[in-house]
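What follows is the residue order along each chain.
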Amino acid sequence: MAYIVGRCLLRELLNNKKMTQRELAIILGITEQQINKYVNNRQLMSIQVAKNVSNILNCSIEELYEWHEVG
């Protein structure tokens, strides 16, 4: 069984934690514009960013995106 990455769920996760994109960007040391690219599905997070985001938001890397089964 294989999966492809779907929609980024970062917006919902941030809302649940009552955290802004700006706050997350500051903690990660990246720009708010970069976070916005992830939130709006214009760019996928690198594995390093995903690991750090999941640690900050206390979730698994898998929870950062929707996953669709293929094949």
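Note that the structure is predicted; figures quoted are calculated from it, not measured. (Residues numbered from 1 in each chain as written. Predicted model: local features only at pLDDT ≥ 70, side-chain atom pairs only at ≥ 80, totals over all residues. Heavy atoms only, no water.)

A. Structural view of the nonpolar core. Judged by nonpolar contacts, the single largest core of 18 residues is most densely connected at Leu10, Leu24, Ile35, Met45, Val53, Leu57 and Leu64. Elements that contribute at least two residues to this core include exactly α1 (10–16), α2 (21–28), α3 (32–39) and α4 (47–57). Considering every element that reaches this core, the biggest residue donor is α4, with four residues. Sequence-distant contacts of Met45, that is, excluding residues within four places in its chain, are made with Cys8, Leu10, Tyr38, Ala50, Val53, Leu64 and Tyr65. (Core = buried A, V, L, I, M, F, W, Y, C linked by side-chain atoms within 4.5 Å. Buried < 20%, exposed > 50% of the residue type's maximum accessible area, 1.4 Å probe, protein only. Helix = DSSP H or I, 4+ residues; strand = E, 2+ residues; numbered from the N terminus. Contact = heavy atoms within 4.5 Å.)

B. Inspection of the pattern of salt bridges at higher detail. Applying the stated criterion across every chain, the model contains two salt bridges. Here Arg7 ties to Glu12 by a salt bridge, and the two come within 2.8 Å at their closest N and O atoms. As a salt-bridge pair, Glu66 and Arg7 come within 3.4 Å of each other at their nearest N and O atoms. Remark: Arg7 occurs in strand β1 (residues 2–8) and Glu66 occurs in strand β2 (residues 65–70); sequence separation between them is 59 residues. Residue Arg7 is classed as partly exposed on the basis of its relative accessible area, which comes to 36%. One connected set of salt bridges, linked through shared partners, spans Arg7, Glu12 and Glu66. (Salt bridge = Lys/Arg side-chain N within 4 Å of Asp/Glu carboxyl O.)

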